[in-house]
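Listed below are the residues making up each chain.
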Amino acid sequence: MEHIQAILLKSSVALAAFLLVYYTFLRKTSDFNIHRAFLMVGLGLAIVLPFVNITYPVYVQMEMPEYLEIATDTGVETIAVATPDIVSVERTDWSNILFWIYCAVSSLFIIRLMISVIFGIRLTYKAKKVKWRDTYLYIHSSVNNPMVFGNQIFLKDSTYLQPEKEQVLIHEQIHQQQRHWVDMLMSELLLAMAWFNPLAYIYRKTVLNNLEYIADRGVLNTGLQLNTYIQSILCETMGAETIVLANHFRTSQNKQRLKMMKNVKQSKYGKWKLLTILPLLGIMLWAFSEPEYVSKDEVQAQVSNIERTELVKGRALQTDTLEVRQEDGTYQQQIVVGGLRDVNVVIKGTNLGTFTNDDGKFELKMNVGDVLVFSHLSFKTKEIKYTGQEYIGAALAGASPRVLKSEKYRAKYFGKANNNIKLKEVNTKPSNSKGDEMFMAVEELPQYKYGMETYFAQLYSKSAKIAKEKGFKGSADVRFYVDQSGNVNWPAVSGDSEAELKEAAVKIVKELNDWIPAKQRGNAVSYSYSVKVEF
């Protein structure tokens, strides 16, 4: 029942949207053929689109919660426990009843439609066939008013062949030639599907009226006077419609029809108004679409199952740029290169990959077009596309070092030389072991042995003394590494400071050499810092 409700809701949305646009922008103009095309698109969408399943993929990572455990056979003896009798209470399933009522009424509309078709076919064989202007007319006494059923024009008697009633035949001929029975059939199918929806009846009436406007305009275009044509409509006898799929000459004898006959106003942009279908269609597709959740693991598994035939060798390298002091006292940038171990090398979009060895080398089967992703905790991730090269070299740049924040201590210690700084060691847990690998992200950051406040107190004290002695004024950013033993290594300066100022800044950083190393998984590791030394 919920599926039926969703279909009917989508159909109602389509009808409401097209009716709103039609009565707002199109109804007042006489571009009736354009109106017909617009209304037919709306009919088709209201009937077909609700049955089309429109989805868009949403990729999710399927993970089992930590608290979820899979039950296993523990071997514990099962004990039977008596349970009380449960008395079931039957409840009326109203949704099921409503569903069958809907199906029953829809069936009646379908039967009504089939009876009309059978009646029209039988009438074709019973009626007298007469040719008029390359068109065959069917005359039978059971026909109350001139009408078109399918491609046949039906008349009550031969009096309609007289010249004074020629406009009636022209009207019906237009219905026949333009196959207006298709619009009628789709309207009846819509009623059978949404018989309870007032919008379906309004839409059907709108379609039928527009068909009459088209036929009326065709008759008047032959040169017939408007007053004469109106009189011929009013003179037709009032009778009941015999076939629901027929276009009757007397259909819609209301003021709106007479008003539209007089309306010759055509929009310069009539055809362009059909473009309103595009945003309507886009809105409905968006509104009717539903997410389809796809596991990323499934997608990766499908891509991973593709056979890869080419064995590719490569190496991951670590690069770093340092300013090294030369013999003449100047500083020059140098690039340090070396193999990088334990780099995760993965084919993008799959779960296929490997790790580099101690020398940074790796081997992996690939296909041309695959993209390798190189990732390491301490370096920036890099992607390289495989285009058939025999060897792949990936140079990974180190991530930016963490900057030691000095704002908290600058106001208190900057410019003050102090020889009586008390040193008190910080209590920390000892590390399990030492490794020679440098990290840029760790669980525990390096700490100055006597606390960071003491570190900056000493740093500003030393810089104040040197500034006073040599008259320095400025600053230098010093990058350094705290190794696994807690020593300061590879101090280097960046920026455009003077050589002597740079050398003084490096000296101060090297003298503050009492550090507690960084820790990763309980192991002491190297870590990179950057600090601003001000004079």
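Residues numbered from 1 in each chain as written. Predicted model: local features only at pLDDT ≥ 70, side-chain atom pairs only at ≥ 80, totals over all residues. Heavy atoms only, no water.

(A) Expanded view of the overall build of the protein. Scanning the protein from terminus to terminus reveals 13 helices and 23 strands. Classification of the 535 residues of the protein by burial places 41% in the buried group. The contacts in the protein between residues at least 6 apart in sequence include a share of 71% that link residues at least 24 apart. When the accessible surface of the protein is split by element, carbon and sulfur atoms take 54% of a total near 31800 Å². (Helix = DSSP H or I, 4+ residues; strand = E, 2+ residues; numbered from the N terminus. Buried < 20%, exposed > 50% of the residue type's maximum accessible area, 1.4 Å probe, protein only. Contact = heavy atoms within 4.5 Å. Areas by Shrake-Rupley, 256 points an atom, 1.4 Å probe, with all protein chains shown as cover.)

(B) Spotlight on the sheet that holds strand β13 (residues 371–376). Here four strands make up an open sheet; going across it, the order is β11-β10-β13-β14 and the pairing antiparallel. Of all the strands in the sheet, the pair left with one neighbour each is β11 (353–355) and β14 (379–385). Between one strand axis and the next, the sheet turns through 15° on average, direction left out of account. Taken together, the five bridges between β13 and β14 define a ladder with antiparallel strand orientation. Note that in β14 the partner of F374 across the bridge is K382. (Pairing = 2+ DSSP bridges. Axes fitted to C-alpha atoms, helices over the stretch in contact; angles between N-to-C directions.)

(C) View of helix α5 (residues 181–193). Taking 1.5 Å per residue as the helical rise, α5 with its 13 residues ought to reach 18 Å, and the 18 Å between its terminal C-alpha atoms agrees with that figure. What α5 keeps buried is the set D183, M184, M186, S187, E188, L190, L191, A192 and M193. (Expected span 1.5 Å × (residues − 1).)

(D) Spatial organisation of the pairing of β13. Where strand β10 (residues 344–347) and β13 come together, four bridges link them in antiparallel fashion. For V346, the partnering residue across the bridge sits in β13 and is V373.

(E) Geometry of unusual backbone geometry. Even without a glycine there, the phi angle at R133 is positive, about 50°. Here the phi dihedral of D342 falls at roughly 60°; this positive angle occurs in a residue that is not glycine. Locating D342 in the fold gives a position in the loop between β9 (331–339) and β10.

(F) Region of the structure containing helix α3 (residues 94–126). Taking 1.5 Å per residue as the helical rise, α3 with its 33 residues ought to reach 48 Å, and the 48 Å between its terminal C-alpha atoms agrees with that figure. Within α3, the full set of buried residues consists of Y102, S106, F109, L113, S116, G120, L123 and T124.

(G) Examining the packing of helix α12 (residues 452–470) against helix α13 (residues 499–511) more closely. Interaxial distance between α12 and α13 falls to 10 Å at its minimum, and their mutual angle equals 145°. As α12 runs across α13, the sense of the crossing is right-handed. On α13, the residues that touch L459, K462, S463 and I466 of α12 are A504, I508 and E511. Classifying every residue of the contact of α12 with α13 by side-chain character gives four nonpolar, one polar and two charged. (Left-handed = near helix turned anticlockwise from the far one by under 90°. Nonpolar A, V, L, I, M, F, W, Y, C, P; charged D, E, K, R; others polar.)

(H) Highlighting the pattern of salt bridges. Under the criterion given, the structure shown has twelve salt bridges. Residue R112 is joined to E188 by a salt bridge in which the shortest nitrogen-to-oxygen separation is 3.3 Å. Of this pair, R112 sits in helix α3 while E188 is found in helix α5, placing the two residues 76 residues apart along the sequence. Residue R112 is classed as partly exposed on the basis of its relative accessible area of 35%. Between K313 and E363 there is a salt bridge, with its nearest N and O atoms 3.8 Å apart. Remark: E363 occurs in strand β12 (residues 361–366) and K313 occurs in strand β8 (residues 310–325); sequence separation between them is 50 residues. (Salt bridge = Lys/Arg side-chain N within 4 Å of Asp/Glu carboxyl O.)

(I) The environment of S158, seen in detail. Within the element layout of this structure, S158 appears in the loop between β5 (152–155) and α4 (166–177). Looking at S158, the relative accessible area reads 45%, which means it is partly exposed. In this structure, the C-alpha to C-alpha distance between S158 and H140, residues 18 residues apart in sequence, is 9.2 Å.

(J) How the structure looks around the packing of helix α2 (residues 32–48) against α5. Where α2 contacts α5, the axes come no closer than 10 Å and their chain directions differ by 35°. Judged by the twist between their axes, the crossing of α2 over α5 is left-handed. Listed contacts from α5 to R36, M40, L43, G44, A46 and I47 of α2 are V182, D183, M186, S187, L189, L190 and M193. In terms of residue class, the contact of α2 with α5 is made up of nine nonpolar, two polar and two charged.

(K) How the structure looks around the side chain of H140. Within the fold, H140 resides in the loop between β3 (135–139) and β4 (147–149). Polar contacts involving the side chain of H140 include one to the side chain of S142, which spans 2.8 Å. In this structure, H140 is in contact with L123, K126, A127, L155 and K156, ignoring residues within four places of it in sequence. (Polar contact = N/O pair within 3.5 Å; in protein donor to acceptor, adjacent residues only side chain to side chain.)

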